[in-house]
Amino acid sequence: MLDKESPLWTLSFAAGVALVCSLMVATTVHWLRPIQAAYGAVEYNRVILQAAGLLEPGTEIDDSEVVNRFLELDTRIVDLQTARYTNAVDPLTYDYRTAANLEDQPRFMPVYILKIGNQIDRIVLPVYGSGMWSTIYGSVTLMDDLRTIANVLFYEHGETPGIGDRIENPAWLAQWRGKQIFADSGALCLEIGGNDDDVCHVDGITGATVTVSAIETMLREWLGPDGYGPYLQALASGEIQ
């Protein structure tokens, strides 16, 4: 038996305590991970409800009500390579952010459709891209014509406080409503900044040029031919339901 006064005993005791503590932490993380995932899913559902116009910002409802309202949406998975719906992944459990860590752009993306009867009223399209300092996550909601913006949200980012984070300013976001992403010719026409004053133009943010430019690039990529563009065209033409 080791002498309790010896350095070896002290080191052995410290190592044992460290091992026990590490096992306790690992066990706690393991058991909490599903809870954290569930909480994160509910918060994401809140964002989608706001984007779809089913929940006013700042409105407090419990988690069960969030889930019930979210289930009113028709959640589908779009295969961006084929511009068609797919059952390759579960629309209620698929995490495009995890998929995005494995490839430049996920092949599959969720879309959230609000219907009145069998007709599309609004459709929420998740988007993300690199900002000045961070990855910006947001969504674009389109009206039933699939070209007019009903809502734009940017709900997660790490842009400069007081400057870049003004992309969350309600007044700036409000001017997106009613703007169009496609011209009458079908070409993508969305533009941020400049001096144009038309249905495709959104004002920039003074002092946040880099962040705003990044958002314009992000949206044009996601709404263009390499993103949702072909899917939206197929949906508008009635090729898919």
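Every value quoted in this text rests on a predicted model; they were computed, and no experiment measured them. (Residues numbered from 1 in each chain as written. Predicted model: local features only at pLDDT ≥ 70, side-chain atom pairs only at ≥ 80, totals over all residues. Heavy atoms only, no water.)

Regarding the pattern of salt bridges
- One pass over the full model with this rule turns up nine salt bridges.
- For the salt bridge of Arg 84 with Glu 239, the shortest nitrogen-to-oxygen distance reads 2.9 Å. A residue pair is termed long-range when its members are at least 10 positions apart, and Arg 84 in strand 2 (residues 84-85) and Glu 239 in the segment after helix 6 (229-237) qualify at 155 residues.
- Close ionic contact of Arg 97 with Glu 156 constitutes a salt bridge, the shortest N to O distance being 2.9 Å. Residue Arg 97 is found in helix 3 (residues 96-100), and its partner Glu 156 is found in strand 6 (residues 149-156); the two are separated by 59 residues along the sequence.
- Relative accessible area serves as the criterion here: at 26%, Arg 97 is assigned to the partly exposed category.
- One salt-bridge network, in which partners are shared between bridges, spans Glu 43, Arg 46 and Asp 63. (Salt bridge = Lys/Arg side-chain N within 4 Å of Asp/Glu carboxyl O. Helix = DSSP H or I, 4+ residues; strand = E, 2+ residues; numbered from the N terminus. Buried < 20%, exposed > 50% of the residue type's maximum accessible area, 1.4 Å probe, protein only.)

A few points about the side chain of Thr 141
- Along the chain, Thr 141 falls in strand 5 (residues 135-143).
- Every residue in contact with Thr 141, bar those within four places of it in the chain, is listed here: Ala 51, Ala 52, Arg 122, Ile 123, Val 124, Thr 148, Ile 149, Ala 150 and Asn 151. (Contact = heavy atoms within 4.5 Å.)

Topic: the state of the cysteines
- Enumeration according to the criterion identifies one disulfide in this entry.
- In this model, Cys 189 is linked to Cys 200 through a disulfide, with the two sulfur atoms separated by 2.0 Å. Because the torsion about its S-S bond is -65 degrees, the bridge between Cys 189 and Cys 200 counts as left-handed. Pair noted here: Cys 189 is in the loop between helix 4 (170-174) and strand 7 (191-192) and Cys 200 is in the loop between strand 7 and strand 8 (201-202), with a separation of eleven residues, a long-range link. (Disulfide = S-S within 2.5 Å.)

Regarding the nonpolar core
- Counting residues in each nonpolar core, the largest one holds 64 residues, and the members touching the most others are Trp 172, Trp 176, Tyr 228 and Tyr 231.
- If you tally residues by element for this core, the top one is helix 1 (residues 7-52), at seven residues.
- Dropping the residues within four chain positions of it, Tyr 228 is found in contact with Leu 80, Met 109, Pro 110, Val 111, Leu 125, Pro 126, Val 127, Trp 222 and Leu 223. (Core = buried A, V, L, I, M, F, W, Y, C linked by side-chain atoms within 4.5 Å.)

Observations concerning unusual backbone geometry
- Even without being a glycine, Ala 83 presents a positive backbone phi close to 60 degrees.
- Note that Ala 83 resides in the loop between strand 1 (74-79) and strand 2.
- Even without being glycine, Leu 146 reaches a positive phi, approximately 65 degrees.

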